[in-house]
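Descriptive structure summary
Listed below, chain by chain, are the residues.
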Amino acid sequence: MGLNTLDLLVIVAYLTGVTLFGLRFRGKQRTLKGYFLADNTIPWWAISLSIVAAETSTLTIISVPGLAYEKDFRFLQLVLGYIVGRVVVSFVLIPQYFRGQLVTAYQLIERRFGGRLRSLTAGLFLVTRAAAEGVRVFAVAIVIRVALGGLLTGLSEFGRDVTAIALVTILTLVYTLEGGMAAVIWTDVVQLGIYLAGTLIAVFSIVHLVPGGCQTIYGVAAQAGKFRVFSTSTNLSATYTLWAGIIGGAFLTTASHGTDQLIVQRLLSARSERQAKAALLSSGVAIFFQFSLFLLIGAMLFVFYEQFPPAAAFSRTDTIFPIYIVSRLPHGLSGLLISAILAAAMSNLSAALNSLSSTTIVDFYARISPQSTEARRVQLSRLATIGWALLLFGLALLARNGGKVLEMGLSIASVAYGCLLGVFLLGVLTQRASERGAMLGMLFGFALNLYLWQFTAVAFTWYVVFGTTATFMVGYGASWLMPQVSPPQPTLQSVEGA
């Protein structure tokens, strides 16, 4: 039971190694384009793997197996929608982003509507991304609390959480601060390899430990209905149904991969529009197989604990996989699996820090101080990264009182995604939509999603659908009553004039 010295050495080796690897990119950025877009030198396959890593936070690794352990494979319906959404982004939004030297998604909004709506969309991204990311960072504490419980016995539960969150935040900040987007993407590639290797080791270990191996696992899991994928229920409060998955998942991914700077920044780092599309579409295939693997682990853990019941009932499904790693795997492998989960955490956190910093500097500071030098902007970008790291640390502590971390994080993000996607579609698909009309539609869509989240039983998988539809319809209708007085000039802003 618990980790020993060998496990701790493996974890320390990983944390040290990935931090030093990220620091290899230190000092190579002299401009905002270099710092935030890696000078468009990243190949498509690396961006694809980075997108997968950015989507796969710690809460994915620990919560998705818990979903299958508790229920079944119905989460895959949402993943099918993820693939549909990627196709929409590739053909509707990516071409728009490559018509000019853009650094953030929200520069596209100013080009179409004006500066006020750009500030509103960028500001909403900052608030909701920070809130959702705080939940993801808190997921690290769940893992560390289980893994290092023996070493942290002198601390309260709150003290353990503070220690865990601070450790990962500081180390991730070091290489993100110094290396910019190049460090983020290439460390993502390394970390993806680490946590996938660790996940496969977990699969083989469960097969080895369950008497009868694969045959027993399949038989027991199938009899318990763990491999059920599809539900045709039309109940809007049911989270994982075919309709909520395909429709809701498509809208969610179109928003998250088409309007969220966290992903858009990676696409803008590609060498060309064609490579950006290849990166996004290939990441969809990888995500499907990856989530299938995590769900399979949950079903396998269900069979394992049927054969070998735990001494005490699990307090929350998010802890099942970490507890298995610490209590059942051989020493050394336990350390590797914990390192794999930390890899996912650091990968996602580095992406969040870089995207929050880029939006802060490009969409706000550079417009307030247009005469500032590139050197000054890069310097302030690093300071902004530190500031956001401190804020996310605080938000992670506030997330301690939430529910299931996966669904909590997706719910927070989905509330904002609906109105963001509605505004982007108004800009891309219509000529009549005006800035004032779009702003009114956006506020209405956001208010609707807040209401659905806080006062109804509607599943989070529908938030983006309803928010987008409401924003688009109200925005388009209001634009007839409040037409654009003086349309923005069609000229494109450069990075320097951001």
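Every value quoted in this text rests on a predicted model; they were computed, and no experiment measured them.

1. Considerations on the overall build of the protein chain
A count of helices and strands for the protein chain gives 18 helices and zero strands. Over its C-alpha atoms the protein chain spans a radius of gyration of 22 Å, differing by no more than 12% from the 23 Å that the globule rule assigns to 498 residues. For the protein chain, the spread of C-alpha atoms along the principal axes amounts to about 70 × 55 × 40 Å. Counting over 498 residues, the protein chain shows a buried share of 59%. In the protein chain, the proportion of contacts linking residues at least 24 apart, taken out of those at least 6 apart, comes to 86%. Summed over all atoms, the accessible surface of the protein chain reaches about 18400 Å², with 67% contributed by carbon and sulfur. Between the centroid of the 33 positive side chains of the protein chain and the centroid of its 20 negative side chains there is a distance of 5 Å.

2. Things to note about the side chain of D72
Within the secondary structure layout, D72 lies in the loop between α4 (58-70) and α5 (76-97). Side chain to side chain, D72 and R74 meet in a polar contact 2.9 Å long. Dropping the residues within four chain positions of it, D72 is found in contact with L67, G225, K226, R228 and L295.

3. Some details on the nonpolar core
Among the nonpolar cores identified, the biggest contains 156 residues, and F75, Y97, Y195, I206, L301, F321 and L342 are the most heavily contacted of them. Ranked by residues supplied to this core, first place goes to helix α8 (residues 157-209) with 18 residues. Sequence-distant contacts of L342, that is, excluding residues within four places in its chain, are made with I11, Y14, L15, V140, I144 and V168.

4. A short note on the environment of S358
Considering the arrangement of structural elements, one finds S358 in helix α14 (residues 333-368). Its relative accessible area of 0% is what places S358 among the buried residues. Expressed as a C-alpha distance, the spacing of S358 and V378, which sit 20 residues apart in the sequence, is 9.7 Å.

5. Regarding the packing of aromatic side chains
Throughout the structure, instances matching the rule amount to 22 aromatic pairs. Pairing F75 with Y240 gives two aromatic rings, centres 5.4 Å apart and planes at 70 degrees, and the pair type is edge-to-face. With F75 in the loop between α4 and α5 and Y240 in the loop between α9 (213-223) and α10 (242-258), this pair connects stretches of sequence that are 165 residues apart. Taking 6.4 Å as the distance between ring centres and 85 degrees as the angle between the ring planes, the aromatic pair formed by Y240 and F460 counts as edge-to-face. You can see Y240 sitting in the loop between α9 and α10 and its partner F460 sitting in the loop between α17 (435-455) and α18 (463-481), a full 220 residues away along the chain. A relative accessible area of 11% means that Y240 is categorised as buried. Using a relative accessible area of 6% as the deciding quantity, one classes F460 as buried. Sitting over the ring of F113, R112 keeps its end group 4.5 Å from the ring centre. Across the ring face of W480, the terminal group of R432 is positioned such that the distance to the ring centre comes to 3.8 Å.

6. Some remarks on unusual backbone geometry
Leaving glycine out, the prevailing phi sign among residues is negative, and the prevailing peptide bond configuration is trans. The phi dihedral of D39 is positive, around 55 degrees, even though this residue is not glycine. Overall, the relative accessible area of 41% leaves D39 in the partly exposed class. For N40, which is not a glycine, the phi torsion comes out positive at approximately 55 degrees. Within the element layout of this structure, N40 appears in the loop between α2 (32-37) and α3 (44-55).

7. Here's the deal with the side chain of S355
Locating S355 in the fold gives a position in helix α14. There is a polar contact of 3.0 Å between the side chain of S355 and the backbone oxygen of A352.

8. Focus: the packing of α5 against helix α12 (residues 273-307)
Running from N to C, α5 and α12 cross one another at 175 degrees; their axes reach a closest spacing of 10 Å. Taken together, α5 and α12 sit at an angle that is classed as roughly antiparallel. Only E273, A276, K277, L280, L281, S283, G284, I287, F288, F291, S292 and L295 of α12 make contact with α5, whose side of the interface consists of L76, V79, L80, Y82, I83, R86, V87, V89, S90, I94 and P95. Considering only residue class, the contact of α5 with α12 consists of 16 nonpolar, four polar and three charged.

9. Considering the pattern of salt bridges
Scanning the entire structure with this criterion turns up eight salt bridges. Notably, a salt bridge pairs R118 with E110, separated by 2.4 Å at the nearest N-O pair. Accessibility assignment for this pair places R118 and E110 in one class, buried. Close ionic contact of E435 with R116 constitutes a salt bridge, the shortest N to O distance being 3.4 Å. Placement of the pair is E435 in helix α17 and R116 in helix α7 (residues 115-147), with a sequence separation of 319 residues. Because the salt bridges share partners, they merge into one network encompassing E110, R118 and D363.

10. Focus: the environment of G66
Note that G66 resides in helix α4. The class for G66 is buried, based on a relative accessible area of 1%. Residues G66 and I263 lie 197 residues apart in sequence; the distance between their C-alpha atoms is 26 Å.

11. Remarks on helix α1 (residues 5-22)
Taking 1.5 Å of rise per residue, the 18 residues of α1 would be expected to cover 26 Å, and the 26 Å separating its terminal C-alpha atoms lies within 8% of that figure. When we look at burial in α1, the residues that qualify are D7, I11, Y14, L15, V18, T19 and G22. One face of α1 carries all of its buried residues, which in axial projection span an arc of 115 degrees. Pointing more than 90 degrees away from the buried face of α1 are the exposed residues T5, L9 and L20. Elements in contact with the buried residues of α1: α8 and α14.

12. Regarding the confidence of the model for the protein chain
Averaged over every residue, the pLDDT of the protein chain is 85; the share at 70 or more is 91%. Within the model, the stretch residues 490-497 combines pLDDT values under 50 with 18 contacts to residues more than four positions away or in other chains.

Conventions used here
- Residues numbered from 1 in each chain as written.
- Predicted model: local features only at pLDDT ≥ 70, side-chain atom pairs only at ≥ 80, totals over all residues.
- Heavy atoms only, no water.
- Helix = DSSP H or I, 4+ residues; strand = E, 2+ residues; numbered from the N terminus.
- Rg over C-alpha atoms; globule rule 2.2 N^0.38 Å.
- Buried < 20%, exposed > 50% of the residue type's maximum accessible area, 1.4 Å probe, protein only.
- Contact = heavy atoms within 4.5 Å.
- Areas by Shrake-Rupley, 256 points an atom, 1.4 Å probe, with all protein chains shown as cover.
- Lys, Arg positive; Asp, Glu negative; His and termini not counted.
- Charge placed at Lys NZ, Arg CZ, Asp CG, Glu CD.
- Polar contact = N/O pair within 3.5 Å; in protein donor to acceptor, adjacent residues only side chain to side chain.
- Core = buried A, V, L, I, M, F, W, Y, C linked by side-chain atoms within 4.5 Å.
- Phe/Tyr/Trp six-rings, centres within 6.5 Å; stacked < 30°, edge-to-face > 60°.
- Lys NZ or Arg CZ within 6 Å of the ring centre and 35° of its normal.
- Axes fitted to C-alpha atoms, helices over the stretch in contact; angles between N-to-C directions.
- Parallel < 35°, antiparallel > 145°, perpendicular 65-115°, else oblique.
- Nonpolar A, V, L, I, M, F, W, Y, C, P; charged D, E, K, R; others polar.
- Salt bridge = Lys/Arg side-chain N within 4 Å of Asp/Glu carboxyl O.
- Expected span 1.5 Å × (residues − 1).
- Arc of directions from axis to C-beta.
- pLDDT = per-residue confidence, 0-100.

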